[in-house]
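If you want the building blocks of each chain, they are given just below.
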Amino acid sequence: MQNQSSEARKPVIFSGIQPSGTLTLGNYIGALRNFKLLEDDYSCVYCVVDLHALTVRQDAAQLRARCLSLAATYMAVGLNPDKSLIYCQSHVSAHAELAWILNCYTYMGELSRMTQFKDKSAKHADNINSGLFTYPVLMAADILLYQTNLVPIGADQKQHLEITRDIGQRFNSIYGDVFTIPEAYIGKVGSRVMSLQEPTRKMSKSDPEETYISLLDKPEDIRRKVRRAVTDSDGDIRFDFDNKPGVSNLLSIIAALTGEPVERIVNELDGKGYGGLKARATDCVIATLEPIQAEYNRIMADKAALQAILDRNALEASRRAARTLDKVKRKVGCAPHGKA
Ligand code: TYM
């Protein structure tokens, strides 16, 4: 675990992923791989946001299992739980407490403009609960609790980061500099990985199997899904998202995973046709996921050790979160125990 002085010197990163099923290649390219890139230069807090997952109905045992599985995935991509704090959101009660206070500084009007709320309430029309509505406030609490400087996210979370900044600035303008105002870190390539079947829609774990690649997919599944990915009929390999979303999506997946510029990939694939493009994309995905899967299986084989890491990190996260929460409570007039 980080010692306090190195923790104090480095700027802070916070990010989270919901344990709501298998992670997709979109989660990996848009968020997770950036978590690792930034690990050495920041004091990092990577949370399994199980309270957010409750906004849609969950089976309790399955949710608990998914929390462990997501924490193992964080570690399988190389995050080091002795450097980065990896823990479950529900184990640190400060998240929910700060969310309540911030709810009182957030307007109905601004929450109703959130596109994710509109999308999710259309998808879950039978369960439009108020947690779904105030979801961005809990996300703001997650981030603001740790005096976060940078938040690595995919493009779909940009609006939530903007409302986080608005809420933080509003609070600061009333009470002084309580919160650090965070910036988004959105990768230049792959911040919006698209569905393999409907490449104008975001790749999402809540869509049917064939539309996304799971981080735990076997090579034969990856081969099949990429082979069936929707392209177009002109046969020309070039990056043009408006007119060729399927081809452009595969090109950005390759670019994100290899670090090569799109133009070079296009040149290399000259004359190879869509078969060549898909073969290249398949190879890159398999080469990326194979070592992650091996590491994931190794970590999941000792769940007691994994749980012990999460427990230990949750204690440290609680300690850090309490510093901000205590300050906020004092500012709003909720006195600490015994000091009323
Ligand atoms: P979630 O769990 O939906 O997604 C986790 C991360 O993956 C990114 N992502 C994508 N990036 C590129 N292409 C895609 N197709 C794709 N799909 C998902 C998301 O942008 C996200 O970065 N509200 C958040 C979780 C959260 C959070 C936070 C994030 C809660 N508190 C505080 C950052 C900071 C969410 O639902 O992400």
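Residues numbered from 1 in each chain as written. Predicted model: local features only at pLDDT ≥ 70, side-chain atom pairs only at ≥ 80, totals over all residues. Heavy atoms only, no water.

## A short note on the environment of Asp 59
Thought 1: Tracing the chain through its elements places Asp 59 in the loop between helix H3 (50–53) and helix H4 (60–76).
Thought 2: In this structure Asp 59 comes out as partly exposed when scored by relative accessible area, which is 44%.
Thought 3: From its side chain, Asp 59 meets the backbone nitrogen of Ala 61 in a polar contact 3.3 Å long. (Helix = DSSP H or I, 4+ residues; strand = E, 2+ residues; numbered from the N terminus. Buried < 20%, exposed > 50% of the residue type's maximum accessible area, 1.4 Å probe, protein only. Polar contact = N/O pair within 3.5 Å; in protein donor to acceptor, adjacent residues only side chain to side chain.)

## Comments concerning the side chain of Thr 282
Thought 1: Secondary-structure assignment places Thr 282 in helix H13 (residues 273–300).
Thought 2: Of note is the side chain of Thr 282, whose polar atom sits 2.7 Å from the backbone oxygen of Lys 278.
Thought 3: Discounting chain neighbours no more than four positions away, the residues touching Thr 282 are Ile 222, Arg 223 and Val 226. (Contact = heavy atoms within 4.5 Å.)

## Structural notes on the domain arrangement of the protein chain
Thought 1: Here the domain parsing of the protein chain yields domain 1 (4–185 + 303–332) and domain 2 (209–297).
Thought 2: Its C-alpha centre places domain 1 at a distance of 30 Å from the equivalent point of domain 2.
Thought 3: On the side of domain 2, 12 residues touch domain 1, which itself brings 14 residues to the contact.
Thought 4: Approximately 1,200 Å² of surface area, both sides summed, lies buried where domain 1 meets domain 2, with 76% of it carried by carbon and sulfur atoms.
Thought 5: When residues of domain 1 are sorted by the area they lose upon contact with domain 2, Leu 25, Tyr 28 and Ala 76 head the list and together hold 43% of the total. (Domains from an automatic or database assignment. Buried area = accessible area lost by both parts, 1.4 Å probe.)

## Some points on the state of the cysteines
Thought 1: Scanning the entire structure with this criterion turns up zero disulfides.
Thought 2: Just so you know, Cys 47 is unpaired, no disulfide at all, and the nearest cysteine sulfur is the one on Cys 88, 7.4 Å from it.
Thought 3: Owing to a relative accessible area of 0%, Cys 47 belongs among the buried residues under this scheme.
Thought 4: Considering cysteine sulfurs only, Cys 67 is the nearest to Cys 88, which forms no disulfide, with 4.2 Å between them.
Thought 5: Its relative accessible area of 3% is what places Cys 88 among the buried residues. (Disulfide = S-S within 2.5 Å.)

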